[in-house]
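For reference, the chains in residue letters:
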Amino acid sequence: MVRSELWMQIEMCVKIILSFFVGLIIGYERKRTKHSYTILRTHVLVCLGATLATLCGVFINEYGTNSVDLARIPAQVLPSVGFMGMAVIMKRENKVTGLSTAASIWLVACLGIAIGLGFFTGVLLTTILALITLIKFVRPDEKEKDQNEENNKSENNEEFPAE
């Protein structure tokens, strides 16, 4: 059964807006930790892009030949995002940094795909669990470092740190 074109367009717009907010929420947490607006923008853009790519597959399937495998487009998104995540991971001396940020970028791509497919319950639960993981499961020395940086930031009145 083909839905009305107007309803499908509205549904796609709602999914894209939801994708923006999901990427923004997780990206904001990473920005708060890493103090970089680039990380925030990256999370939002990856989530939006993954959602749009998935919606393109849904759109083609709905209005095209109905012979499109809906998994093909999202299946190409994830390796591309994984490649981008490699650029975030750094090794300095004996310490690896950026792993959580790379994983969260990959996660927002998965969330974008799920939004595009309409799996809203999974998106909500995964977003909540991801935020709990990113906020609560932090090494004690990282918590102390973040608190010191927050204190220094408030003393210096820096509202927008340099990227």
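Numbering of residues starts from 1 in each chain and follows the order in which that chain's sequence is written. In keeping with the predicted nature of the model, local features appear solely for residues at pLDDT of at least 70, side-chain atom pairs appear and are counted solely at 80 or more, and the whole-chain, interface and lining totals rest on all residues. No hydrogens and no water enter the side-chain calculation; it runs on all heavy atoms of the structure.

A. Region of the structure containing the overall build of the protein chain. Helices and strands together make up the secondary structure of the protein chain, namely six helices and two strands. Secondary structure counts use DSSP, requiring at least four H or I residues in a row for a helix and at least two E residues in a row for a strand, with both numbered from the N terminus. Listing every helix and strand of the protein chain by position from the N terminus yields α-α-α-β-β-α-α-α. Here the protein chain holds 163 residues, and the buried ones make up 32% of them. By definition, residues are in contact when any of their heavy atoms lie within 4.5 Å. Partitioning the contacts of the protein chain with sequence separation of at least 6, the portion at a separation of at least 24 is 70%. The Shrake-Rupley method, run with a 1.4 Å probe, gives the accessible areas here. Residue values count only the displayed protein chains as cover. Accessible surface, the protein chain: about 10,500 Å² in total, of which carbon and sulfur atoms supply 64%. Accessibility here uses a 1.4 Å probe with only protein chains present; expressed as a share of the type maximum, an area under 20% marks a residue as buried, one over 50% as exposed, and anything in between as partly exposed.

B. Region of the structure containing the side chain of His 43. For His 43, the location among the structural elements is in helix H2 (residues 37–63). Only 2.8 Å separates the side chain of His 43 from the backbone oxygen of Ile 39, close enough to count as a polar contact. Setting aside chain neighbours within four positions, we find His 43 in contact with Gly 23, Ile 26, Gly 27, Arg 30, Thr 101, Ser 104, Ile 105 and Val 108. Side-chain atoms alone can form a polar contact between residues adjacent in sequence; in general such a contact is a pair of N or O atoms within 3.5 Å, and within protein one must be able to donate a hydrogen while the other accepts it.

C. Up close: the packing of aromatic side chains. Aromatic rings from Phe, Tyr and Trp, taking only the six-membered ring of Trp, are treated as a pair when their centres fall within 6.5 Å; an angle between ring planes under 30 degrees marks them as stacked, one over 60 as edge-to-face, and anything in between as tilted. Taken as a whole and judged by the stated rule, the model has one aromatic pair. Only when the NZ of Lys or the CZ of Arg is both within 6 Å of the ring centre and within 35 degrees of the ring normal is a charge said to sit over the ring. Residue placement shows Lys 31 over the ring face of Tyr 37; its charged tip is 4.8 Å from the ring centre.

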